[in-house]
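Overview (structure and organization)
Chain by chain, the residues:
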Amino acid sequence: MPHSVACSMKEKDNKEGSHKNIWYGVGRQRIEIPKTILKSRVNSNPMLQHLHIHSIGYYPKAKDHFTYRKKGLPENFLFYCVDGHGFFQVGKQRYEVGPNEFFILPQNVEHTYGSSPDHPWTIYWIHFGGDSLPQFNEVQEVQKHFKPEYVKNNGEIIPIFMKIYKTLELGYSIDNLLFANMCLSHFLTLFIYNSRHYTATANDKLDCVDSAILFMQEHINDNISLNDLSKQYNYSVSRFSNLFKQKTGYAPIDYFLQLKMQKACQQLDFSDRSIKDIAFSMGFDDPYYFSKRFRTIIGMSPKKYRTRRLDEAKLNMS
């Protein structure tokens, strides 16, 4: 057992509730990676320095759990409540948290959180930081989770958490740190991009951007105008374009053309169809215009793309 955990387990024998923003209670699990390890083995490692774990824990039925940090933390904090209730507050905004809900506290933000006195929460939590954290917190999908959100659990969340925890219990070798932090990225997607880990059903409500992308895929061989798309979702052209670009980083028609060129690449790779035929199948009346757009998006002409792939295939066979 890591020294940090051993010490904390001894301390809890003499304390109950929260002291100095750490909860002491029966059944808790907690590992804090020493700052010396973060400095010597994590912050200087190109594979780890961008996003990595600082500490990780599990608090069952955390009665009298309460924390206040005026300056917040230098890292992010993800909470996953599996039972009971609690709350957190950022600024003047207070949120109630219940079973199967999670939230992210961003770095350097004053916050308060705690469990319900009547039904204290059971939580899994993880602190994570790194050089890329400011950029991470600018992602629109991340910002949505600065307030509580229901999360479906397909059976992966707790096992991955335990893999990370058990690995760190074995010490801070480079292999253990690499494994735990590679798991971290997948662990975060199970929350931030939770819906993508499930097949959408008729009852699932997609936002207009995700729905528009599926519509584009279904009509990949057609010509769709920006006006067609915006009308489909009852938005003005400018409003729809802004929403789409905010989420994807691309204008809607530019994104649609990328999907078309992705499909065209697959046909160049896996079929003997002529470039002219592929252009027509992608909804282009002019093969020269198709080639021009292909070159702009892919970085080479369709002919060169196919020739290069054939040359690579021959080389691999020799």
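Residues numbered from 1 in each chain as written. Predicted model: local features only at pLDDT ≥ 70, side-chain atom pairs only at ≥ 80, totals over all residues. Heavy atoms only, no water.

As annotated in an unreviewed UniProt entry, the chain is AraC-like protein from Lacibacter cauensis.

From N to C terminus, the chain includes 13 helices and 12 strands. In terms of C-alpha radius of gyration, the chain reaches 25 Å, well past the compact-globule figure of 20 Å for 318 residues. By principal-axis analysis of the C-alpha atoms, the chain measures approximately 80 × 55 × 30 Å. The proportion of buried residues among the 318 residues of the chain is 44%. Long-range pairs, those at least 24 residues apart, make up 70% of the contacts in the chain between residues at least 6 apart in sequence. Working note: accessible area of the chain is about 17,800 Å², and carbon and sulfur atoms make up 52% of it. One finds the centroid of the 40 positive side-chain charges in the chain at a distance of 4 Å from the centroid of its 32 negative side-chain charges. (Helix = DSSP H or I, 4+ residues; strand = E, 2+ residues; numbered from the N terminus. Rg over C-alpha atoms; globule rule 2.2 N^0.38 Å. Buried < 20%, exposed > 50% of the residue type's maximum accessible area, 1.4 Å probe, protein only. Contact = heavy atoms within 4.5 Å. Areas by Shrake-Rupley, 256 points an atom, 1.4 Å probe, with all protein chains shown as cover. Lys, Arg positive; Asp, Glu negative; His and termini not counted. Charge placed at Lys NZ, Arg CZ, Asp CG, Glu CD.)

Before going further, it helps to examine the packing of aromatic side chains. The final tally for this structure, using the stated rule, is 27 aromatic pairs. Relative to Tyr165, the ring of Phe161 lies with its centre 6.4 Å away and its plane at 15°, an arrangement referred to as stacked. With Phe161 and Tyr165 both in helix 5 (residues 157-169) and 4 residues apart, the pair spans about one turn of that helix. Across the pair, Tyr165 and Phe161 agree in class, each one buried. Aromatic ring contacts, followed pair by pair, group Trp23, Tyr59, Phe77, Phe79, Phe88, Tyr95, Phe103, Tyr113, Trp121 and Trp125 into a single cluster. A cation sits over an aromatic face here: Arg94 above Phe87, 4.0 Å from the ring centre. (Phe/Tyr/Trp six-rings, centres within 6.5 Å; stacked < 30°, edge-to-face > 60°. Lys NZ or Arg CZ within 6 Å of the ring centre and 35° of its normal.)

Mapped onto the elements of the fold, Lys245 is located in helix 9 (residues 237-248). Between the C-alpha atom of Lys245 and that of Tyr255, which follows or precedes it by 10 residues, the distance is 9.3 Å. Among residues more than four places away in sequence, those in contact with Lys245 are Tyr250 and Ala251.

Despite not being glycine, Asp64 has its phi angle at roughly 60°, a positive value. For Asp64, the position within the fold is in the loop between strand 4 (52-59) and strand 5 (66-69). For Asp64, a relative accessible area of 51% translates into the label exposed. Positive phi outside glycine occurs at Asn100, with the angle close to 65°.

Here we come to the sheet that holds strand 6 (residues 76-83). An order of 3-4-11-6-9-12 is seen for the 6 strands of this open sheet, with the pairing classed as antiparallel. Of all the strands in the sheet, just strand 3 (29-32) and strand 12 (149-150) have a single pairing partner and so form its edges. Strand direction decides the pairing type here: strand 9 (residues 101-105) and strand 12, joined by 2 bridges, are antiparallel. The residue bridging Glu101 from the neighbouring strand is Tyr150, located in strand 12. The strands touched by helix 6 (residues 174-192) within the sheet are strand 4, strand 6, strand 9 and strand 11 (122-129), with strand 4 carrying the most contacts at an inclination of about 65°. (Pairing = 2+ DSSP bridges. Axes fitted to C-alpha atoms, helices over the stretch in contact; angles between N-to-C directions.)

On to the sheet that holds strand 5. Here we have 4 strands laid out as an open sheet, ordered 5-10-7-8, and antiparallel in their pairing. Sheet topology places strand 5 and strand 8 (93-97) at the edges, where each strand pairs with a single neighbour. Neighbour-to-neighbour, the strand axes of the sheet open up by a mean angle of 10°, direction not taken into account.

Under the counting rule described, the total for this entry stands at 10 salt bridges. Across the salt bridge formed by Asp210 and Lys247, the nearest N and O atoms sit 3.0 Å from each other. Taken as a pair, Asp210 in helix 7 (residues 208-218) and Lys247 in helix 9 lie far apart in primary sequence, 37 residues in all. Measuring nitrogen to oxygen at the nearest pair gives 3.0 Å for the salt bridge that ties Asp277 to Arg273. The partly exposed category is assigned to Asp277, whose relative accessible area is 33%. Here Arg273 falls in the partly exposed class, since its relative accessible area comes to 31%. Taken together, the salt bridges that share partners define one network made up of Glu141, Lys144, Asp207, Asp210 and Lys247. (Salt bridge = Lys/Arg side-chain N within 4 Å of Asp/Glu carboxyl O.)

Once that is clear, we can look at the side chain of Glu141. Among the structural elements, Glu141 can be located in helix 4 (residues 140-143). Ignoring sequence-local partners within four residues, the contact set of Glu141 consists of Ile192, Tyr193 and Lys247.

Taken from the UniProt record, the annotation "domain: HTH araC/xylS-type" (unreviewed entry) applies to residues 210-308. For residues 210-308, the helix share is 74%, the strand share is 0%, and the end-to-end C-alpha distance is 34 Å. (UniProt positions renumbered as here; feature names shortened; annotations may be inferred.)

For the rest of this paragraph, the subject is helix 10 (residues 252-270). For helix 10, with 19 residues, the first-to-last C-alpha span of 27 Å sits near the 27 Å given by 1.5 Å per residue. Residues of helix 10 that are buried include every one of Pro252, Phe256, Leu257, Leu259, Lys260, Met261, Ala264, Cys265, Gln267 and Leu268, and no others. (Expected span 1.5 Å × (residues − 1).)

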